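Architecture at a glance
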Amino acid sequence: MSAVTADRPRYATPTRVDVTECRTDRLPDRVRANRVDGSEVHLERRGGRTFLVTRPAE
């Protein structure tokens, strides 16, 4: 029996990562770290906070 671990996260539901304090030049790295095959990644503003949102492919 062997175990295989994914090098990228897999999400079943949308995720939100608070990036309000993140420097703008670091955002591309955060997007790459949170991207899942076929997913959509975008920024969302809510109540003065900024979130990096990943939505899984349907």
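Residues numbered from 1 in each chain as written. Predicted model: local features only at pLDDT ≥ 70, side-chain atom pairs only at ≥ 80, totals over all residues. Heavy atoms only, no water.

Quick word on the overall build of the protein chain
A count of helices and strands for the protein chain gives one helix and three strands. For the protein chain, the α and β elements follow one another from N to C terminus as β-α-β-β. Put simply, 51% of the contacts in the protein chain that link residues at least 6 apart link residues at least 24 apart. If you sum the accessible surface of the protein chain, you get close to 4,700 Å²; carbon and sulfur atoms cover 48% of it. (Helix = DSSP H or I, 4+ residues; strand = E, 2+ residues; numbered from the N terminus. Contact = heavy atoms within 4.5 Å. Areas by Shrake-Rupley, 256 points an atom, 1.4 Å probe, with all protein chains shown as cover.)

A few points about the sheet that holds strand E2 (residues 40-46)
One open sheet accounts for three strands, arranged E1-E3-E2; its pairing is antiparallel. What marks the edges here is a single partner per strand, and that holds for strand E1 (15-18) and E2. When the angles between neighbouring strand axes are averaged without regard to direction, this sheet yields 30°. Pairing geometry for E2 and strand E3 (residues 49-55), over seven bridges, is antiparallel. Following the sheet pairing, Arg46 is matched in E3 by Arg49. Sheet strands in contact with helix H1 (residues 27-34) are E1, E2 and E3, and its direction is about 35° off that of E3. (Pairing = 2+ DSSP bridges. Axes fitted to C-alpha atoms, helices over the stretch in contact; angles between N-to-C directions.)

Observations regarding the pattern of salt bridges
Summed over the entire model, instances satisfying the criterion amount to six salt bridges. For the salt bridge of Asp25 with Arg23, the shortest nitrogen-to-oxygen distance reads 2.9 Å. The shortest N-O distance in the salt bridge between Glu44 and Arg46 comes to 2.8 Å. The buried category is assigned to Glu44, whose relative accessible area is 14%. Take Arg46: its relative accessible area is 47%, and that puts it in the partly exposed class. When salt bridges that share partners are traced, they join Arg16, Glu44 and Arg46 into one network. (Salt bridge = Lys/Arg side-chain N within 4 Å of Asp/Glu carboxyl O. Buried < 20%, exposed > 50% of the residue type's maximum accessible area, 1.4 Å probe, protein only.)

The analysis is restricted to geometry; functional conclusions fall outside its scope.
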